[in-house]
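If you want the building blocks of each chain, they are given just below.
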Amino acid sequence: TPEQIDVIGLPVADRFCQPAGDKNEIRERLGWAPDVPTVLLVGGGEGMGPLEQTAMAINDAALPVSLVIIAGRNRKLKARLERLTWNVPVYIYGFVRDMPDFMRASDILVTKAGPGTICEAFIAGLPLILYSRMPGQEDGNVDYVVNEKAGVWAPTPDKVVYTIKDWLNHPQKRQKVVETCLKLARPQAARQIGRILAAGVGVVSK
């Protein structure tokens, strides 16, 4: 029954839920360009989706951005990207463990529609460009992000580039998306779930 259901949100790792800190300080620590918008391009831990084609489209458009690419465990993809000539400042990584700081230091996230990444981006106030999804399993994730206006669905590289240009040319539009992401964020979800479970078995929770 409705009385038996609590809608809380997807729990994510606590390190994504800490105070954001200063974006410029994080960029300096990571060695990123401090004075241009940063686009974070990821394809999950395995480097899935049209990541390479999308990176090249952003590069060919010579957008006024720096590009951070997470190739995950896809070593061949990382090696190919490192051999390319880039028109923008680019930072290429394999599998990383400091994704919270990567998100906090970025301005736009281009990603597949994984639920964990989406919820982590909400907490970071990071506008989403969803460029890939797992059919069936992740269709609802795309619908949710688009319907709530927390990002866009851009399944081709040219649509990704168009959205980045649009947000760069109309910063107030991107700021609205940032505000929507923060409204949708549920950084306390894991703690709320823990308290509910504890209360259900008679455990006192602080």
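Residues numbered from 1 in each chain as written. Predicted model: local features only at pLDDT ≥ 70, side-chain atom pairs only at ≥ 80, totals over all residues. Heavy atoms only, no water.

Engineer: Run through unusual backbone geometry, naming residues and quoting values.
Structural biologist: Here the phi dihedral of Ala62 falls at roughly 50 degrees; this positive angle occurs in a residue that is not glycine. With respect to the helices and strands, the residue Ala62 is situated in the loop between helix H2 (51-60) and strand S2 (66-70). For Ala62, a relative accessible area of 47% puts it in the partly exposed group. Phi at Lys149 is positive, roughly 65 degrees, even though this residue is not glycine. Within the fold, Lys149 resides in the loop between helix H6 (139-147) and strand S6 (151-153). (Helix = DSSP H or I, 4+ residues; strand = E, 2+ residues; numbered from the N terminus. Buried < 20%, exposed > 50% of the residue type's maximum accessible area, 1.4 Å probe, protein only.)

Engineer: Run through the confidence of the model for the chain, naming residues and quoting values.
Structural biologist: On average, residues of the chain carry a pLDDT of 91, and 94% of them reach 70 or more. Mean pLDDT values over the elements of the chain span from 89, in helix H9 (residues 189-200), up to 98, in S6. (pLDDT = per-residue confidence, 0-100.)

Engineer: Lay out the packing of helix H7 (residues 157-169) against helix H8 (residues 171-184) with the relevant residues and their values.
Structural biologist: The N-to-C vectors of H7 and H8 enclose an angle of 105 degrees; their axes lie 5 Å apart at closest approach. Judged by the angle between their axes, H7 and H8 are roughly perpendicular. Contacts between H7 and H8 involve Asp166, Trp167, Leu168 and Asn169 on the former and, on the latter, Pro171, Lys173, Arg174 and Val177. Looking at the contact of H7 with H8, its residues break down into four nonpolar, one polar and three charged. (Axes fitted to C-alpha atoms, helices over the stretch in contact; angles between N-to-C directions. Parallel < 35°, antiparallel > 145°, perpendicular 65-115°, else oblique. Contact = heavy atoms within 4.5 Å. Nonpolar A, V, L, I, M, F, W, Y, C, P; charged D, E, K, R; others polar.)

Engineer: Can you explain the pairing of strand S4 (residues 108-112)? Please cite residues and give values.
Structural biologist: Of all five residues in S4, five are buried; the element is thus mostly enclosed. Direction of pairing for S4 relative to strand S5 (residues 128-132): parallel, over a ladder of four bridges. From the neighbouring strand, Val110 faces S5, where its bridge partner is Ile129. Crossover S4 to S5 through helix H5 (residues 115-124) is right-handed. (Pairing = 2+ DSSP bridges. Right-handed = clockwise from strand over helix to strand, strands pointing away.)

Engineer: Report on the sheet that holds strand S3 (residues 90-93), specifying residues and quantitative values.
Structural biologist: The six strands lie next to each other as S3-S2-S1-S4-S5-S6, forming an open sheet whose pairing is parallel. Every other strand in the sheet has two partners, leaving S3 and S6 as the edge strands with one partner each. Shown here is a sheet whose adjacent strand axes are inclined to one another by a mean of 15 degrees, direction ignored. Note: strand S1 (residues 38-42) against S4, three bridges, orientation parallel. Residue pairing in the sheet places Leu41 in a bridge with Val110 of S4. Along the sheet face, H7 touches S1, S4, S5 and S6 and points at about 175 degrees away from the line of S5.

Engineer: I'd like a description of H8, backed by residues and values.
Structural biologist: Taking 1.5 Å per residue as the helical rise, H8 with its 14 residues ought to reach 20 Å, and the 20 Å between its terminal C-alpha atoms agrees with that figure. Buried within H8 we find Arg174, Val177, Val178, Thr180, Cys181 and Leu184. Along the long axis of H8, the arc covered by the buried residues comes to 165 degrees, so they all point the same way. Turned more than 90 degrees away from the buried face of H8 sit Lys176 and Lys183, all of them exposed. (Expected span 1.5 Å × (residues − 1). Arc of directions from axis to C-beta.)

Engineer: Just give me the short version of the packing of aromatic side chains, but keep the residues and values in it.
Structural biologist: One pass over the structure, following the stated rule, counts four aromatic pairs. Residues Trp32 and Phe102 carry aromatic rings whose centres are separated by 5.2 Å and whose planes lie at 80 degrees to one another, so their mutual orientation is edge-to-face. In this pair, Trp32 sits in the loop between helix H1 (23-30) and S1 while Phe102 sits in helix H4 (residues 99-104), placing the two residues 70 residues apart along the sequence. Neither residue differs from the other here; Trp32 and Phe102 are each classed as buried. A ring pair is formed by Phe122 and Tyr144, whose centres lie 6.4 Å apart and whose planes are at 55 degrees; its orientation type is tilted. Placement of the pair is Phe122 in helix H5 and Tyr144 in helix H6, with a sequence separation of 22 residues. Put simply, the rings of Trp32, Tyr91, Tyr93 and Phe102 pair up and form one aromatic cluster. (Phe/Tyr/Trp six-rings, centres within 6.5 Å; stacked < 30°, edge-to-face > 60°.)

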